Amino acid sequence: MTAIHVEGLTKEFDGFVAVDAISFDIEEGEIFGLLGPNGAGKTTTISMLATLLEPTAGTALVNGVDIRGDQDGVRKSIGIVFQDPSLDEELTAWENMDFHGRLYRIPRDVREERISTLLRLVELDDRKDSLVKTFSGGMRRRLEIARGLMHEPKVLFLDEPTLGLDPQTRNHLWHYIKSLNADKGVTIILTTHYMDEADRLCDRIAIIDRGTIIAMDTPEHLKGLIGGDVITIASPDAASIPAVLTAEWITRIDLHDGRVTVHLREAESHIAELVGLLGSHAIEISSVSIHKPTLEDVFLYYTGRTMREEEADAAARMRMMHRPGRR
Amino acid sequence: MDIVYTLWLRSIKRYVRSKSRILGSLGMPLFLLLALGFGLNSVVQIPGAQGAGYIEFIIPGIIAMSVLFTSVFSGIQIIWDKQFGFLKETLVAPVSRLEIMLGQTFGGATTAVIQGAIILVLSLFIGLQFPGISGFLIAFVFMLLIGICFAALGIAIASKMEDMHGFQLIMNFVIFPIFGLSGALFPIENLPAWVRMVTYLDPLTYGVEGIRYGLLGTAAISPVTCLAVLGGSTAVMIVIGAALFRKASI
Ligand SMILES: Nc1ncnc2c1ncn2[C@@H]1O[C@H](COP(=O)(O)OP(=O)(O)O)[C@@H](O)[C@H]1O
Ligand SMILES: [Mg+2]
């Protein structure tokens, strides 16, 4: 069964195309990741699928229901954890859950049972009567996930679920998300700009950049696509390195913010030669590392830029937009 | 209806918890009541109101004022929900925006009536004669209508505002004029004709006069007219608030 079917989905904001005719399918029971830098269009995509934003063009079916035809039908079958906080801080954890349960018209006895089960699941049952404003970031996130699950949605959207959390809490949350998917069979679509998160959690990943999907596959296949090894060289003379490294065993070479990424096979047997070559051209090396391709390399491979560079661009665009007087 | 109740319940919970806000918003009406009431009681003669001093005259006005302010604030609260993200949680649920808007309106109106009722009870200690049960009930009906009408206005305003920056502007050019022109602090009968016309355009005028009729037994406008006009204004305000809230983006 297809949980989500997206076809040519597009969103424009005053002529700026934030999401550009993307298409993909998500199977029931999958954990599907939208991986991309800030400003890539992940939240916009999720907002359209969750019926909070009207698409400019294209269609999508969520659990077989058209997002434009039957908004309430879609809303009943999805749960969502927004990128930004969305709890009422003046209410307790229990009251936030109760409010949600009432909004989804869950009868009282079922509601109360689910609240206690879910609060136990996210280990907040001992704090259920504390006001949310006394909670840490990780506790709030867990509460939001529990709340999103309360009406037993078939599809759960998680928009940057671990943004701004410390590594330990992130690990904890990953564990929850995995077991939710395994135990309850909930289809999960999550967005992230953390490579390791996408890699660890997702069955399949769509890499999204500037509103378009540039690659989509399992993490293994995406990384396997590049093949071989990657050598990353940091150097003050990085710009002059590509001209020097012309050996035929190099399959690809990218220059980006003071670093050079070299794609090749059997890096171990070539590293000495490579360092020697750079030495003979008097190119100073600050560091060299060999590693298997990561999703970051995949992103670089397809876009010629790192995610960090893309984010800097998106941030610059945002500043332009919010310049006083433009409004 | 259960959705309206859910939102109403949340408003009430938040209200009961904000002790400092409750006390804070009692301060200004009480101050006005005492300063103006006692300060001007011996100076100002209210024509037509035999025996009733200025302090009795402005008690209904001050009650109306605290209902007005509390209800507008509670409507505008939606902006905070927008900024703190909670509004998204409500809007992504399979419920209509009308239900959300009505719940918020009634919640705001209820807290506003409670604020007004506190002033009313305190007024009994500074000179207000007990008007009888029916008088009380009449006053409550008008307080409730004021509360609903202006909570809906608050929501209408909040739907059009991105953040709290415009708040001062709204206070100075909408809320204070509504209060000032309502005859809460002065009798409207003796005003120059054109000013009186303006007060007749202010829905709060009918609320103030309605409460005045309930508590003092006399009013410049007949209570039936007051009920009809204020009731009509309230209905219109709900329609406007609902329409604007429906189009509000998050
Ligand atoms: N309401 C809006 N008005 C104008 N531009 C927007 C709006 N929402 C998002 N954008 C722009 O659309 C692009 C995609 O944003 P978003 O979907 O939030 O990205 P992501 O979630 O991947 O970080 C960004 O460049 C952002 O500035
Ligand atoms: Mg985002």
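The structure displayed is predicted, hence computed values, not measured ones.

Below, the discussion takes up the overall build of chain B. The number of helices and strands found in chain B is 10 helices and zero strands. Reading the helices (α) and strands (β) of chain B from amino to carboxyl end gives α-α-α-α-α-α-α-α-α-α. Relative to the globule expectation of 18 Å for 250 residues, the C-alpha radius of gyration of chain B, 18 Å, shows essentially globular dimensions. Counting only C-alpha atoms, chain B reaches 60 × 40 × 35 Å along its principal axes. Burial status across chain B gives 55% buried among its 250 residues.

All names here are of chain A. If you trace the backbone, Glu268 turns up in helix H10 (residues 267–280). Distance in space between the C-alpha atoms of Glu268 and Ile290 is 8.0 Å, their sequence separation being 22 residues. Non-local contacts of Glu268, meaning those with residues more than four positions away in its chain, are made with Asp229 and Ile290.

Time to look at the site of ligand 1. Residues and elements named next belong to chain A. Gly39, Lys42, Thr43, Thr44 and Arg317 are the nearest of the 14 residues found near ligand 1. Take Thr43: an N or O atom from its side chain is 2.7 Å from an oxygen atom of ligand 1. In the model, an oxygen atom of ligand 1 is placed 2.5 Å from a nitrogen or oxygen of the Thr44 side chain. Contact with the protein chains removes 75% of the 560 Å² of surface that ligand 1 exposes when unbound. Taken together, the residues of the shell around ligand 1 sort by class into seven nonpolar, five polar and two charged.

This part covers the sheet that holds strand S6 (residues 78–81) of chain A. Residues and elements named next belong to chain A. Across the sheet, which stays open at both edges, the six strands sit in the order S6-S7-S8-S3-S9-S10 with mixed pairing between neighbours. Whereas interior strands pair on both sides, the edge strands pair on one side only; in this sheet they are S6 and strand S10 (212–217). Averaged over all pairs of adjacent strands, the angle between their axes in this sheet comes to 15°, without regard to strand direction. In this structure, strand S9 (residues 204–209) lies alongside S10, joined through five bridges in antiparallel fashion.

Before going further, it helps to examine the coordination of the magnesium ion (ligand 2). All names here are of chain A. Looking at the magnesium ion (ligand 2), the protein donor atoms are Thr43 (OG1) and Gln83 (OE1), and they sit 1.9 to 2.0 Å from it. Within this pair, whereas Thr43 is found in helix H1 (residues 42–49), its partner Gln83 is found in the loop between S6 and helix H3 (93–103), the two being separated by 40 residues in sequence. On the basis of relative accessible area, Thr43 is assigned to the partly exposed category, the value being 31%.

What follows deals with the packing of aromatic side chains. All names here are of chain B. Tallying each qualifying case throughout the model produces 11 aromatic pairs over all chains. Relative to Trp8, the ring of Tyr5 has its centre 6.0 Å away and its plane inclined at 25°; by these criteria the two rings are stacked. Of the two residues, Tyr5 and Trp8 are both situated in helix H1 (residues 2–17); the distance of three residues between them amounts to about one turn of the helix. Overall, Trp8 belongs to the partly exposed group, its relative accessible area being 27%.

Residues and elements named next belong to chain A. Relative to the assigned elements, Asp297 resides in helix H11 (residues 295–303). Buried charged residue Asp297 carries no salt bridge. Nearest counter-charge: Arg252, at 9.2 Å. A distance of 2.8 Å separates a polar atom in the side chain of Asp297 from the backbone nitrogen of Thr294. When sequence neighbours within four positions are dropped, the list of residues in contact with Asp297 reads Ile226, Val230, Thr261, His263, His291 and Lys292.

Criteria and cut-off values
- Residues numbered from 1 in each chain as written.
- Chains lettered and ligands numbered in written order.
- Predicted model: local features only at pLDDT ≥ 70, side-chain atom pairs only at ≥ 80, totals over all residues.
- Heavy atoms only, no water.
- Helix = DSSP H or I, 4+ residues; strand = E, 2+ residues; numbered from the N terminus.
- Rg over C-alpha atoms; globule rule 2.2 N^0.38 Å.
- Buried < 20%, exposed > 50% of the residue type's maximum accessible area, 1.4 Å probe, protein only.
- Contact = heavy atoms within 4.5 Å.
- Near = heavy atom within 4 Å.
- Polar contact = N/O pair within 3.5 Å; in protein donor to acceptor, adjacent residues only side chain to side chain.
- Areas by Shrake-Rupley, 256 points an atom, 1.4 Å probe, with all protein chains shown as cover.
- Nonpolar A, V, L, I, M, F, W, Y, C, P; charged D, E, K, R; others polar.
- Pairing = 2+ DSSP bridges.
- Axes fitted to C-alpha atoms, helices over the stretch in contact; angles between N-to-C directions.
- Donors = N, O, S within 2.8 Å, 3.2 Å for Na, K, Ca; no water.
- Phe/Tyr/Trp six-rings, centres within 6.5 Å; stacked < 30°, edge-to-face > 60°.
- Lys, Arg positive; Asp, Glu negative; His and termini not counted.
- Salt bridge = Lys/Arg side-chain N within 4 Å of Asp/Glu carboxyl O.

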